[in-house]
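Descriptive structure summary
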Amino acid sequence: LEIAEDLPVRGWKVESELTTPTGAAILRACASYFGEIPAMRVKVIGYGAGMRELEELPNILRLIVGERADLEVDRAILAETNIDDMNPEIFSHLIDDLLAMGALDAWIGNIIMKKGRPAFNLHILCESDKLSKLITYVFAETTTSGMRIHEVGRYKLKRQVVEIETRFGRVKAKVFETASGLRCMPEYDDCLRIAKARGLPVTQVMDEVKHAFRSRDVA
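Residues numbered from 1 in each chain as written. Predicted model: local features only at pLDDT ≥ 70, side-chain atom pairs only at ≥ 80, totals over all residues. Heavy atoms only, no water.

1. So, the sheet that holds strand 4 (residues 105-112)
One open sheet holds the 4 strands; their spatial order is 4-5-3-6, and the pairing between them is antiparallel. Each edge of the open sheet is held by one strand with a lone partner, namely strand 4 and strand 6 (148-157). Averaged over all adjacent pairs, the angle separating strand axes in this sheet is 30°, with direction ignored. One ladder, built from 10 bridges, connects strand 3 (residues 71-83) with strand 6; its direction is antiparallel. The partner of A79 across the bridge, within strand 6, is I149. Across the sheet, helix 2 (residues 90-100) lies against strand 3, strand 4 and strand 5 (118-126), angled at about 145° from strand 4, the strand it touches most. (Pairing = 2+ DSSP bridges. Helix = DSSP H or I, 4+ residues; strand = E, 2+ residues; numbered from the N terminus. Axes fitted to C-alpha atoms, helices over the stretch in contact; angles between N-to-C directions. Contact = heavy atoms within 4.5 Å.)

2. Digging into the packing of helix 4 (residues 188-198) against helix 5 (residues 202-214)
One can describe the packing of helix 4 onto helix 5 by two numbers: an axis separation of 8 Å at closest approach and a directional angle of 120°. Classified by the interaxial angle, the pair formed by helix 4 and helix 5 is oblique. Helix-helix and strand crossings are classified by hand; for helix 4 and helix 5 the assignment is right-handed. For the pair helix 4 and helix 5, contact is made by Y188, C191, L192, I194 and A195 and by V202, V205, M206 and V209, respectively. (Parallel < 35°, antiparallel > 145°, perpendicular 65-115°, else oblique. Left-handed = near helix turned anticlockwise from the far one by under 90°.)

3. Section: the sheet that holds strand 9 (residues 181-186)
Reading across from one edge, 7-8-9 is the order of the 3 strands in this open sheet, with antiparallel pairing throughout. Edge positions in the sheet fall to strand 7 (159-166) and strand 9, since each has one partner strand and no second. Each strand axis lies, on average, 40° off the axis of its neighbour in the sheet, ignoring direction. When strand 7 meets strand 8 (residues 169-178), the two strands line up antiparallel, connected through 8 bridges. Across the sheet, T166 pairs through a bridge with G169, a residue of strand 8. Strands in contact with helix 4 are strand 8 and strand 9; relative to strand 8, the strand with the most contacts, it is inclined by about 150°.

4. What about the layout of surface pockets?
Empty space among the atoms becomes visible once a probe the size of a water molecule is rolled across them. Space inside the largest pocket adds up to approximately 2500 Å³. Along its surface, the largest pocket is lined by 49 residues, and T19, G23, L27, F34 and L61 are the ones closest to its centre. Those elements that provide at least two residues to the lining of the largest pocket are helix 1 (21-30), strand 1 (40-49) and strand 2 (60-68). No other element matches the 8 residues that strand 2 contributes to the lining of the largest pocket. In the lining of the largest pocket, the residues fall into 31 nonpolar, 12 polar and 6 charged. Approximately 270 Å³ is the volume found for the second largest pocket. Every residue along the wall of the second largest pocket is listed here: L104, R154, K156, R159, K174 and F176. (1 Å grid on protein atoms, 1.4 Å probe; cavity = no way out; pocket = protein on both sides within 12 Å on 5 of 7 lines; lining within 4 Å. Points joined across faces, edges and corners; volume = space filled by probe spheres on them. Nonpolar A, V, L, I, M, F, W, Y, C, P; charged D, E, K, R; others polar.)

5. Quick notes on unusual backbone geometry
A positive phi is found at D6, a non-glycine position, where the angle reads about 75°. Its location among the elements puts D6 in the segment before helix 1. Take D6: its relative accessible area is 72%, and that puts it in the exposed class. Look at K115: it is not a glycine, yet its phi comes out positive at around 65°. One can find K115 in the loop between strand 4 and strand 5. Residue classification places K115 among the exposed residues on the basis of a relative accessible area of 80%. (Buried < 20%, exposed > 50% of the residue type's maximum accessible area, 1.4 Å probe, protein only.)

6. Some points on the side chain of D190
Mapped onto the fold, D190 is located in helix 4. Under the relative-accessibility criterion, D190 is labelled buried at 18%. Non-local contacts of D190, meaning those with residues more than four positions away in its chain, are made with V171 and K172.

7. Some thoughts on the nonpolar core
Within the largest apolar cluster, 19 residues are counted, with the highest numbers of intra-cluster contacts made by L98, L122 and I124. Mapped by element, the contributors of at least two residues to this core are strand 3, helix 2, strand 5 and helix 3 (131-141). At 5 residues, helix 3 tops the list of elements feeding residues into this core. Setting aside residues no more than four positions away along its own chain, L98 makes contact with A103, A106, L122, I124, L134, Y137 and V138. (Core = buried A, V, L, I, M, F, W, Y, C linked by side-chain atoms within 4.5 Å.)

Next up, the structure:
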């Protein structure tokens, strides 16, 4: 246990040693990430079987060696609740406030509940340290009395935020790394501000940013 201090551990209903001091030491010294198998191209798979027979589970260790794929992997919390007795106008500011308070994403879905009642399904994606604050806000602003919590894994394209020089000035954009090359996604708020100031369709401004990026006029 002292070797495993600060490592993620859990108990198991097996009356036998499942992790030796040597195994814990190897993990402590070599592992940089704990969680689901990361996105990878599998190259080698190996198995090692222990001598002790366990009734509850196979006494086998599996090792997978691979090349990291061009994806990022992390964990997040998904909180959700069904609401069928609230003025839907409240959702307008609710979503904006949740995002401003640190939610990674927030959205509303239409559902049908028991007895054919139309309702809304509120979803909030967030990091674990933001969960308590966001749920407290939902309880204060809505009529719900409970929320469901799930831990979810996420695969994400590698990205960076850049400023692109265009004929409208410098515009922020997210650039994603994909298997087929770089993908540019202009920041909507920047494009909308320019479109309103110049009396242009926002889609025209976004197209201009993408064109400038393809020309590699990136700051």
